[in-house]
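A structural walkthrough
The chain contents come next:
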Amino acid sequence: MKKILKITALILAAALAAASLNACAGNGESATKTSDGAAETKQKLIMATNAYFPPYEFYDDSGNIIGIDAEIAELIADKLDMELVIEDMEFDSILSAITSGKADMGMAGMTVTEERLKSVDFSVSYATGKQVIIVKSDSQITSFDGLTDKTIGVQLMTTGDTYILEDIESGNLGNAKLSQYASGFEAIGDLVNGRIDAVVIDNEPAKVFVSKNEGIKILPTEYVVEDYAIAFAKGSSLTSKVNAALEELIADGSVKNVVDKYITA
Ligand code: GLN
């Protein structure tokens, strides 16, 4: 704790020194520098995500989190003159990070659902997702009904998890079993190894997983269509600001540009 305080004090001292140097120069350019120097004191916008969900959020080769959500969040932070900080966590921890105030917003290809609306607020939607079914290329399963009596992998606490569980509980899938994974990546691993028969996951990550793994395919049936939005703690003062910024970015085509960069039609 002490160490952190010391470092903060050092940074502050350095910032003050830089600011006073700039101030001494006393021309227009240095004024700009001063405000640039002050960038370090920008208010943070902490985004909670699970960075194993390409193309929405994933690590690049240098260990930075990139993707559609990361870039849209960066544009929002710029508009609000805030500094974006991305916190990577398990998908099922994101909502509690928001409601407990550890994060300002959740952006994780997150679907708006009635259940989630009980604990968080959502921005306007910025993308559409579809739950799809991935099977082995030589699988006998050709449609949703083919999942009957099979073992189905999902990501814990995602909508795919919820829907399959509902279908199993209501008897739509015979004796099908649910296999829950911390990430889609692990579910795909077990599908490839033959431990499970199918994976239900969002379509865009599904495409990425299928392109990176031999011997699996997406069934040409959509299971459920959904809206992605940004989640906030109920009553957060950021909700309306972020929402306004997002609406501008949708209106001026910036969101579409980001999406087109990562998803080729
Ligand atoms: N869209 C799904 C959901 O909100 C999955 C999101 C994810 O795994 N990042 O539950």
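A brief structural summary.

Criteria and thresholds
- Residues numbered from 1 in each chain as written.
- Predicted model: local features only at pLDDT ≥ 70, side-chain atom pairs only at ≥ 80, totals over all residues.
- Heavy atoms only, no water.
- Phe/Tyr/Trp six-rings, centres within 6.5 Å; stacked < 30°, edge-to-face > 60°.
- Helix = DSSP H or I, 4+ residues; strand = E, 2+ residues; numbered from the N terminus.
- Buried < 20%, exposed > 50% of the residue type's maximum accessible area, 1.4 Å probe, protein only.
- Pairing = 2+ DSSP bridges.
- Right-handed = clockwise from strand over helix to strand, strands pointing away.
- Near = heavy atom within 4 Å.
- Polar contact = N/O pair within 3.5 Å; in protein donor to acceptor, adjacent residues only side chain to side chain.
- 1 Å grid on protein atoms, 1.4 Å probe; cavity = no way out; pocket = protein on both sides within 12 Å on 5 of 7 lines; lining within 4 Å.
- Sits in = over half its atoms within 2 Å of the grid points.
- Nonpolar A, V, L, I, M, F, W, Y, C, P; charged D, E, K, R; others polar.
- Points joined across faces, edges and corners; volume = space filled by probe spheres on them.

Let us now look at the packing of aromatic side chains. Taken as a whole, this structure holds six aromatic pairs when the rule is applied. An angle of 20 degrees between the planes, with centres 4.9 Å apart, marks the rings of F144 and Y223 as stacked. Of the two residues, F144 sits in the loop between β7 (120–136) and β8 (151–155) while Y223 sits in strand β11 (residues 216–233), which places them 79 residues apart along the sequence. Note on Y223: relative accessible area 18%, which makes it buried.

Most of β8 sits out of view: four of its five residues are buried. Sheet topology places β8 next to strand β9 (residues 177–181); five bridges connect them, and they run parallel. Directly across from V154, in β9, lies its bridge partner Q180. For the crossover from β8 across helix α6 (residues 159–169) to β9, the handedness is right-handed. By the bridge criterion, two bridges tie β8 to strand β10 (residues 198–202) in an arrangement that is parallel. Each residue of the ladder has a partner; that of I152, found in β10, is A198.

All right, on to the site of the ligand then. Around the ligand, 13 residues are found, and the nearest of them are A108, G109, T111, T159 and D202. In the model, a nitrogen atom of the ligand is placed 2.8 Å from a nitrogen or oxygen of the G109 main chain. Spatially, the ligand is embedded in the largest cavity. Looking at the shell around the ligand residue by residue, the classes come out as five nonpolar, five polar and three charged.

Attention now moves to empty space enclosed by the protein. The final tally for this structure, using the stated rule, is one cavity of 30 Å³ or more. There is about 110 Å³ of room inside the largest cavity. As for the largest cavity, its lining consists of 15 residues, of which F53, F91, A108, G109 and T158 are closest to the centre.

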